[in-house]
Amino acid sequence: IIMDVQMPGMDGVAASLQIRRLQDPTVAAVPIIALTALAMPGDRERCLAAGMDEYFSKPINLTLLLSVIQRYLDTPQHNSLSHRQIGEEDDTAVR
């Protein structure tokens with residue numbers, strides 16, 4: 001999941017905390033990469049403490065982001081997830 005930190009209604013930190021608390025351990029363990037345009041002091045630490053796996057602030061280094069995504073795809077515990085398990089039925093979940 002690439003998670004926007006500053007979403008309306010529920011921010012990315014709260015959403016990540018809810019994902020990490022899910023009963024299904026496969027879904028709860030899905031990698032979450034934080035992405036924000038307005039980086040504030042302490043944001044990285046707050047995101048990681050909420051269970052996000054990585055943190056990027058804009059402007060992003062696309063090569064680095066793709067490298068991080070590839071690392072998670074190459075991890076056996078994560079590459080065994082089917083798209084259906086992480087939301088294939090909703091096209092917005094898999095990009």
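Report follows, based on the coordinates.

Each value, and the rule that gives it
Residues numbered from 1 in each chain as written. Predicted model: local features only at pLDDT ≥ 70, side-chain atom pairs only at ≥ 80, totals over all residues. Heavy atoms only, no water. Core = buried A, V, L, I, M, F, W, Y, C linked by side-chain atoms within 4.5 Å. Buried < 20%, exposed > 50% of the residue type's maximum accessible area, 1.4 Å probe, protein only. Helix = DSSP H or I, 4+ residues; strand = E, 2+ residues; numbered from the N terminus. Contact = heavy atoms within 4.5 Å. Polar contact = N/O pair within 3.5 Å; in protein donor to acceptor, adjacent residues only side chain to side chain. Pairing = 2+ DSSP bridges. Patch = residues over 30% accessible without salt bridge, like charges linked within 9 Å, V, L, I, M, F, W, Y side chains within 5 Å. Areas by Shrake-Rupley, 256 points an atom, 1.4 Å probe, with all protein chains shown as cover. Salt bridge = Lys/Arg side-chain N within 4 Å of Asp/Glu carboxyl O. Phe/Tyr/Trp six-rings, centres within 6.5 Å; stacked < 30°, edge-to-face > 60°. Lys NZ or Arg CZ within 6 Å of the ring centre and 35° of its normal. Axes fitted to C-alpha atoms, helices over the stretch in contact; angles between N-to-C directions.

### Some thoughts on the nonpolar core
The biggest cluster of nonpolar side chains holds 12 residues, and these are Met3, Val5, Val13, Ala15, Ile19, Val30, Ile32, Ala34, Cys47, Ala50, Met52 and Tyr55. Considering each element in turn, this core owes the most residues, three residues, to helix 1 (residues 12-20). When residues no more than four places from it in sequence are discounted, the contact partners of alanine 15 are Met3, Met7 and Met10. Grouped together as the second largest cluster of nonpolar side chains are five residues, Ile33, Phe56, Leu65 and Val68 included.

### Overview of the side chain of aspartate 43
Structurally, aspartate 43 can be placed in helix 3 (residues 43-49). With relative accessibility at 6%, the residue aspartate 43 sits in the buried group. A distance of 2.8 Å separates a polar side-chain atom of aspartate 43 from the backbone nitrogen of methionine 40. The residues contacting aspartate 43, other than those within four sequence positions of it, are Leu38 and Tyr55.

### What about the pairing of strand 2 (residues 33-36)?
Examined bridge by bridge, strand 1 (residues 2-4) and strand 2 share three bridges and lie parallel to one another. Paired with isoleucine 2 across the strands is isoleucine 33, a residue of strand 2. Here strand 2 pairs with strand 3 (residues 54-57) via four bridges, running parallel. The residue of strand 3 that forms the bridge with isoleucine 33 is glutamate 54.

### Focus on a nonpolar patch on the surface
Residues Ile60, Leu62 and Leu66 make up a contiguous nonpolar surface patch of about 260 Å² in total accessible area. Looking at the element boundaries, leucine 66 is found in helix 4 (residues 62-74).

### Describing the packing of aromatic side chains
By the definition in use, this model includes zero aromatic pairs. Taking the ring centre of tyrosine 72 as reference, the NZ or CZ of arginine 71 above it sits at 5.1 Å.

### Structural notes on the sheet that holds strand 2
Spatial ordering of the open sheet is given by 1-2-3, a layout of three strands whose pairing is parallel. Only two strands of the sheet have a single neighbouring strand rather than two, namely strand 1 and strand 3. Strand-to-strand, the axes of this sheet are offset by a mean angle of 25°, without reference to chain direction. Across the sheet, helix 4 is in contact with strand 1, strand 2 and strand 3; its angle to strand 3 comes to roughly 165°.

### Brief notes about unusual backbone geometry
A cis amide bond, omega 0°, links lysine 58 with the succeeding residue proline 59. With respect to the helices, strands and loops of the structure, proline 59 is situated in the loop between strand 3 and helix 4.

### A look at the pattern of salt bridges
Across all of its chains, the model carries three salt bridges by this definition. Across the pair arginine 46 and aspartate 43 runs a salt bridge whose closest N-O atoms are separated by 3.5 Å. Within this pair, arginine 46 and its partner aspartate 43 are both found in helix 3, separated by three residues, close to a single helical turn. Using a relative accessible area of 38% as the deciding quantity, one classes arginine 46 as partly exposed. Glutamate 54 is the salt-bridge partner of arginine 71, the closest N and O atoms lying 2.3 Å from each other. Here glutamate 54 lies in strand 3 and arginine 71 lies in helix 4, a separation of 17 residues in the sequence.

All quantities given are derived from atomic positions and should not be read as evidence of function.
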